[in-house]
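# Fold and contact review
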Amino acid sequence: MRRDEIVEAARLWLGTPYHHQASLRGVGCDCLGLVRGIWRDLLGDEPEAPPPYTPYWAESLRQETLASAALRHLAPVAITAERRGDVLLFRWREHLPAKHCAILSEPDRIIHAHDGAAVAEVAFTPWWRRHLSHAFSFPGVTD
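The following paragraphs examine the structure supplied in this document. (Residues numbered from 1 in each chain as written. Predicted model: local features only at pLDDT ≥ 70, side-chain atom pairs only at ≥ 80, totals over all residues. Heavy atoms only, no water.)

## Brief notes about the sheet that holds strand β7 (residues 120-123)
- Sheet architecture is open: six strands sit in the order β3-β8-β4-β5-β6-β7, paired in antiparallel fashion. Sheet topology places β3 (75-77) and β7 at the edges, where each strand pairs with a single neighbour. Averaged over all adjacent pairs, the angle separating strand axes in this sheet is 35 degrees, with direction ignored.
- Two strands pair when backbone bridges link them, and strand β4 (residues 87-90) and strand β5 (residues 100-106) are joined in this way by four bridges, in the antiparallel orientation. Residue pairing across strands places F90 opposite H100, the latter belonging to β5.
- Against the sheet, helix α1 (residues 3-11) engages β5, β6 (109-112), β7 and β8 (132-137), with an angle of about 120 degrees to β5.
- Packing of helix α3 (residues 65-73) onto the sheet brings it into contact with β3, β4, β5 and β8, and relative to β8 it is tilted by some 20 degrees. (Pairing = 2+ DSSP bridges. Helix = DSSP H or I, 4+ residues; strand = E, 2+ residues; numbered from the N terminus. Axes fitted to C-alpha atoms, helices over the stretch in contact; angles between N-to-C directions. Contact = heavy atoms within 4.5 Å.)

## Points about the nonpolar core
- Grouped together as the largest cluster of nonpolar side chains are 26 residues, with contacts concentrated most on I38, V87, L89, I103 and F138.
- Of all the elements in the fold, those that place two or more residues in this core are α1, α2 (31-43), α3, β4 and β5.
- The element best represented in this core is α2, accounting for six residues.
- The next biggest cluster of nonpolar side chains, apart from the first, holds ten residues, and it includes A102, L104, I110 and L132. (Core = buried A, V, L, I, M, F, W, Y, C linked by side-chain atoms within 4.5 Å. Buried < 20%, exposed > 50% of the residue type's maximum accessible area, 1.4 Å probe, protein only.)

## Some details on the side chain of E82
- With respect to the helices and strands, the residue E82 is situated in the loop between β3 and β4.
- A polar contact of 3.0 Å, which involves the side chain of E82, links it to the side chain of R129.
- If near-sequence neighbours (up to four positions away) are discounted, E82 is found in contact with V77, L88, L104, F124, R129, L132 and A135. (Polar contact = N/O pair within 3.5 Å; in protein donor to acceptor, adjacent residues only side chain to side chain.)

## Overview of the layout of surface pockets
- Its boundaries defined by the atoms lining it, the largest pocket holds a volume of some 710 Å³.
- For the lining of the largest pocket, the elements supplying multiple residues, two or more each, are α2, α3, β4 and β5.
- The biggest single contributor to the lining of the largest pocket is α3, with seven residues.
- When grouped by side-chain class, the residues that make up the lining of the largest pocket number 25 nonpolar, eight polar and seven charged. (1 Å grid on protein atoms, 1.4 Å probe; cavity = no way out; pocket = protein on both sides within 12 Å on 5 of 7 lines; lining within 4 Å. Points joined across faces, edges and corners; volume = space filled by probe spheres on them. Nonpolar A, V, L, I, M, F, W, Y, C, P; charged D, E, K, R; others polar.)

In short, shape yes, function no, at least from these values alone.
Laid out in structure tokens, this is it:
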């Protein structure tokens with residue numbers, strides 16, 4: 001799978017309304033649902049079902065549930081070396097676990113879903129960069 005294919009697949013989700021724990025293109029998804037949907041679109045069945053999770057970004061479980069799941073199925077990438085098509089994880093405060101994910105679509109753009117909006121491609125601003133905690137590649141990515 002090429003990086004361009006991942007970005008093209010992510011862009012097919014643009015405009016999908018936000019819906020917590022959903023993952024149906026054009027119908028509804030949250031940030032994890034977006035990544036799950038891209039996995040299904042490009043790789044087939046999901047490797048595991050996500051556990052129930054809260055929509056509250058600032059939840060302080062003190063467990064890196066999202067990052068741990070990503071490590072089971074994606075290849076870690078240095079956050080200074082992320083590339084198009086990589087999955088990015090964000091934490092809202094340094095002491096909190098990562099609770100949000102996005103796809104890097106261009107060096108300065110991300111595609112993500114968030115409460116109250118539809119899936120959108122937005123600028124990868126310094127604010128986002130400050131909150132970036134992890135980066136991963138889908139399995140089998142080639143350039």
